[in-house]
Amino acid sequence: MAYNKLKALLANIEAIETAMSVRSENRRPTAEEKEKLLLYSGFGGIKDVLSLGTDNPVPDEMSEPLHRLQRLIDNYPGFADDTMRRNAIDGLKASVLTAFYTPAFIIDAISSEVQSLFKRQDIAMGSFLEPSAGIGGFLPVAAAETEAYAFEKDPLTGLVLACLYEGENVSVTVNGFETIGEQWMIHDRFDVIASNIPFGNFSVFDADLWKRGGIYDKATKTIHN
């Protein structure tokens, strides 16, 4: 089936609205709400969102969904000021070139193989890291008893991620992975790291790697490195 960006946009908005409702009421999502949250697929390729907050024209069928998305961001109590609302919009715009999620069957295959390997070797998977989590596609790689950590930079995607997983042996950080040195975490080493990292020829400022210089600083020049 061909990708339908309007359908994807509507599903994303429904998921964001659901996450905002759940988080505002400080509760876990119901089974029905979780189904809506899991339909979130990010804004990769939905270039129409670049018109949010501008007077740029958009196709007629995209106009009302984008206005609805803008209203959700403007009215969400969790975005308490203009800076937070602007960060939310900037985050989803920045994700247009990079937010493309891995098909579930690939993650299932990786998860099955990794967990089988640990069982065959009779090794417990104590810690797991997903450094570019989206809505946690790779978190199933972690075993049930594993302490997992997930980083997601985009505020809206992070909202959905936290709504889905926070409190279920998963520590969610809505910030860039480059801030890992600033976070308080029980683990500072990980048994397994799995992710579909963003690719692109744009840089990420990482203070720790910048201080180390040389090849470490050069690694920040492209986000996938």
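Residues numbered from 1 in each chain as written. Predicted model: local features only at pLDDT ≥ 70, side-chain atom pairs only at ≥ 80, totals over all residues. Heavy atoms only, no water.

Draft legend 1. Up close: the sheet that holds strand β3 (residues 170-173). Read across the sheet, four strands follow the order β3-β2-β1-β4 without closing on themselves; strand pairing throughout is parallel. The sheet terminates laterally at β3 and β4 (192-193), the two strands that pair on one side only. Where strand β1 (residues 127-130) meets strand β2 (residues 147-151), four bridges bridge the pair, whose relative direction is parallel. What sits directly across from leucine 129, in β2, is tyrosine 149. (Pairing = 2+ DSSP bridges. Helix = DSSP H or I, 4+ residues; strand = E, 2+ residues; numbered from the N terminus.)

Draft legend 2. Molecular detail of a nonpolar patch on the surface. Taken together, the side chains of Phe105, Ile106 and Ile110 make up a nonpolar region of the molecular surface, amounting to roughly 280 Å² of accessible area. Along the chain, the position of phenylalanine 105 falls in helix α5 (residues 104-120). Note on phenylalanine 105: relative accessible area 62%, which makes it exposed. (Patch = residues over 30% accessible without salt bridge, like charges linked within 9 Å, V, L, I, M, F, W, Y side chains within 5 Å. Areas by Shrake-Rupley, 256 points an atom, 1.4 Å probe, with all protein chains shown as cover. Salt bridge = Lys/Arg side-chain N within 4 Å of Asp/Glu carboxyl O. Buried < 20%, exposed > 50% of the residue type's maximum accessible area, 1.4 Å probe, protein only.)

Draft legend 3. Focus on the packing of aromatic side chains. Counted according to the given criterion, the structure contains four aromatic pairs. A ring pair is formed by tyrosine 76 and phenylalanine 79, whose centres lie 5.0 Å apart and whose planes are at 85°; its orientation type is edge-to-face. On the basis of an interplanar angle of 90° and a centroid distance of 5.8 Å, the ring pair of phenylalanine 151 and phenylalanine 177 is categorised as edge-to-face. Of the two residues, phenylalanine 151 sits in strand β2 while phenylalanine 177 sits in the loop between β3 and β4, which places them 26 residues apart along the sequence. A residue is classified by how much of its surface remains accessible, and phenylalanine 177, at 35% relative accessible area, is partly exposed. (Phe/Tyr/Trp six-rings, centres within 6.5 Å; stacked < 30°, edge-to-face > 60°.)

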